[in-house]
Amino acid sequence: MTPENTTRSTTARSATSAAAPDPAVRATVHGYPRQGQNRELKKAVEGYWKGRVEADALRATAATLRRTHWQQLAEAGIGEVPTGDFSYYDHVLDTSVMVGAVPPRHRAAVEADPLDGYFAMARGTQDVAPLEMTKWFDTNYHYLVPELGPDTEFTADSAKQVAELKEALALGLNARPVLVGPVTYLLLAKPAPGVPEDFQPITLLDRLLPVYAEVLADLRAAGAQWVQLDEPALVQDRTPAELGAAARTYRELGGLAERPKLLVASYFDRLGEALAVLAKAPVDGLALDFTDRAAGNLADLAAVGGLPGKRLVAGVVNGRNVWINDHEASLATLGTLLGLAGSVDVSSSCSLLHVPLDVTAERDVDPQVRRWLAFARQKTAEITVLARGLAQGTDSIAAELAANRADLASRAHSPITHDPAVRARTAAVTDADGRRSQPYAQRAAAQRTHLGLPLLPTTTIGSFPQTTELRTARADLRAGRLDEAGYERRIEAEIREVIAFQEKTGIDVLVHGEPERNDMVQYFAEQLTGYLATQHGWVQSYGTRYVRPPVLAGDISRPDPMTVRWTTYAQAQTAKPVKGMLTGPVTMLAWSFVRDDQPLGDTARQVALALRDEVNDLETAGTSVIQVDEPALRETLPLRAADHAEYLAWATESFRLSTSGVRPDTQIHTHMCYAEFGDIVAAIEDLDADVISLEAARSHMQVADELAGAGYPREVGPGVWDIHSPRVPSADEAVTLLRKGLGAIPAERLWVNPDCGLKTRGWTETKASLEHLVEAAHRVRAQLITG
């Protein structure tokens, strides 16, 4: 323990021991994982989509999961459980339904069958496109973007929220409904198709507030004493007009004559200027994040005079990472907060949606290392320990504090976390190591000669469908029913099929389809030192898509080549170039539970050097096109502009360090998806990749216009097929998008590709969609050549 931590611990002991016991201190959370211990929700929803599960059975599964989760929370000592955070697909989509913001193209489906209409908004149908999807702030959770316009009329539909509250109350639980707040909802929205791009959804606030007032009244009538309104958008840089909108919102909602008590919540960063606005508002409490990334909230709260007479829900347990809490540091914070609010309750920093459910299921993790980890169920236990310590003094939790100190010390001094050879190599990196040997213009000429690609070259992003046969083979290998040789023969057969299909279809730059990979981060993590893989650590990414983020526990190195064998096997099947496929250093961090005991930039450099070895080995083996995916580059951008430059400096440096050791005629690609890219165009150029492919289909080529407007000089592949929807786009649709792309990007720098990898799609839709994609490229190419 550092001297600083020792001081803070002493403060915690004195503050909490001196405080009078407060039995009214509550333990609570903002939300809980939805999927169930065995991903029961995923299986039920996907079964419903396939016609194997009836609607009533799906609803029964959902109700059972809600009841199980609330009971787990109550048994852990959580004195106030959240309701309304459960969702079949996405809580922002649920909010759109709650306020009646159904796009016109989906209204008929919603009126015919609300459940099918709900999923149509999320996934689309063959005839109707879904809502756009993007990242929830700087997390890897995706939400469905509301589509609004000047003609949008809101209507209240509180049925879901009221029903789930009544379910919890019927179990005898103290329950608090959680809603996306009106300001955040509007700030997350976009202009609907056909609406001028400069339309500001926040201008609809006066229409939306009466709908929220009606929902609040319905919840109060159903028995809600408190309702939480989440306003995480207020932790971002906001204009005076937006802060004024927040002030007006909570002055109006707080002034309602008939309402439950209002708790306004923020998370993911410090509130900044918005804290003074909310502290003055006539609401009954605030929930604030007090973890490291939002530590400024403590001083800011003191500066505005605290919350006298109001409730403060203190988020001192990190809801976004999996490391155990430092109890003494948290108690120090809580002890200070006791003097700043009418009451202080203990909570997670945000919803526990962002972490797996239960670490005790991880039987393959070393027991000592497992004691360093806290998933959702362990975090609820941490919260209740802290609440008891705050209420009754530290003597009441002496045993827990001693165990916590021992576990923190074990991790700090473990050889798992420190590798001298890795640290020496990273310390020796120079600026020259992160730069290509020639500028882009010279490299591009060399690559055109070397690769001989046509105008508007076609490719895919990397993965092909993970069939049932592939998953079965992988499960059989793990279970010992299939030996390594048999498994490898299955992978070889899949690669041959994927290569043959691409050649027949006429794709120009091929991929091997990644049949051997379970996940684009986990696959590499399992082959790098310093990473821990989980067996049951599922976290929702979007809808029914769940991932198992690995745990980045120690220093990173690459003992052996990771992808060379299968890439070279694929290349041997064709004369066309086959891309090597890697996941970039920023994404390896962002989609892992990253270590919190050193700066992120230091960890990124370690991962970059491991990937550099792999890139160089691929080139030596004859790979001429290498893609290093960085879909998380924008996602991980700090929420405050003042923090952008430092992050982008190490993020772009780590990518260049991964890719700069190759010859000029080796073409480096990267890929990004489902985020807003306009504010990082300069950083995209700093990556110095030769080709970038990006999501663009749902956003109608917006990113191509953004890159063109910024003068981006390199090759670009804006996606023409939205792979997150099951619908098969026609060749005409792809032609329309390509022509729009050509309005921004010159033909000699434009590629044709899907939005993202095809792992989650079926073979039937994949074949049809790629055939249409290639047909569109040939049609537009012919038109360009003939004039």
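This text follows the structure it describes.
What this report covers is the structure whose coordinates are included nearby. Keep in mind the model is a prediction, meaning the values are calculated, not measured. (Residues numbered from 1 in each chain as written. Predicted model: local features only at pLDDT ≥ 70, side-chain atom pairs only at ≥ 80, totals over all residues. Heavy atoms only, no water.)

1. Thoughts on the nonpolar core
One recurring pattern in soluble globular proteins is that nonpolar side chains are buried together.
Link 1 in the chain: Core analysis: the biggest nonpolar cluster contains 112 residues, and F154 and Y185 have the highest contact counts within it.
Link 2 in the chain: Once you skip the residues sitting within four places of it in the chain, F154 turns out to touch V99, A101, L148, Y185, L186, L204, R207, L208 and V211.
Link 3 in the chain: In this structure, V498, A525, A683 and V716 belong to the second largest nonpolar core, which totals 91 residues. (Core = buried A, V, L, I, M, F, W, Y, C linked by side-chain atoms within 4.5 Å. Buried < 20%, exposed > 50% of the residue type's maximum accessible area, 1.4 Å probe, protein only. Contact = heavy atoms within 4.5 Å.)

2. So, the sheet that holds strand β9 (residues 261–265)
Link 1 in the chain: On the basis of which strands lie adjacent, the open sheet formed by eight strands has the order β1-β12-β11-β10-β9-β8-β6-β2 and parallel pairing. Among the strands making up the open sheet, the edge pair consists of β1 (27–28) and β2 (81–83).
Link 2 in the chain: Its contacts with the sheet place helix α9 (residues 205–221) against β6 (175–180), β8 (226–230) and β9, and it is angled at close to 165 degrees to β6. (Pairing = 2+ DSSP bridges. Helix = DSSP H or I, 4+ residues; strand = E, 2+ residues; numbered from the N terminus. Axes fitted to C-alpha atoms, helices over the stretch in contact; angles between N-to-C directions.)

3. With respect to unusual backbone geometry
Link 1 in the chain: Not every positive phi belongs to a glycine, and F137 is a case in point at roughly 55 degrees.
Link 2 in the chain: Of note, F137 is situated in the loop between β3 (133–135) and β4 (142–144).
Link 3 in the chain: One non-glycine residue with positive phi stands out, namely L456, at about 55 degrees.
Link 4 in the chain: Summarising the element assignment, L456 is placed in the loop between α18 (440–451) and α19 (468–479).

4. Describing the packing of aromatic side chains
Link 1 in the chain: By the definition in use, this model includes 16 aromatic pairs.
Link 2 in the chain: Among the aromatic side chains, those forming a connected cluster through ring pairs are Y48, W49, F86, Y88, Y89, Y118 and F119.
Link 3 in the chain: In this structure, R311 packs its charged tip against the face of W226, placed 4.7 Å from the ring centre. (Phe/Tyr/Trp six-rings, centres within 6.5 Å; stacked < 30°, edge-to-face > 60°. Lys NZ or Arg CZ within 6 Å of the ring centre and 35° of its normal.)

5. Section: the environment of G462
Link 1 in the chain: As for its placement among the helices and strands, G462 is situated in the loop between α18 and α19.
Link 2 in the chain: The buried category is assigned to G462, whose relative accessible area is 0%.
Link 3 in the chain: Spatially, the C-alpha atom of G462 lies 8.7 Å from that of G580, the residues being 118 residues apart in sequence.
Link 4 in the chain: Among residues more than four places away in sequence, those in contact with G462 are V511, G513, E514 and M581.

6. Topic: the sheet that holds strand β21 (residues 715–718)
Link 1 in the chain: Taken together, the five strands give an open sheet; going across it, the order is β17-β18-β19-β20-β21, and neighbouring strands pair in parallel fashion. Because the sheet does not close on itself, it has two edges, and the strands there are β17 (579–583) and β21. If you compare each strand with its neighbour and ignore which way they point, the axes differ by 20 degrees on average.
Link 2 in the chain: Bridge count for strand β18 (residues 625–629) against strand β19 (residues 667–672) is three bridges, and the pairing is parallel. Looking across to β19, one finds that I626 is bridged to I668.

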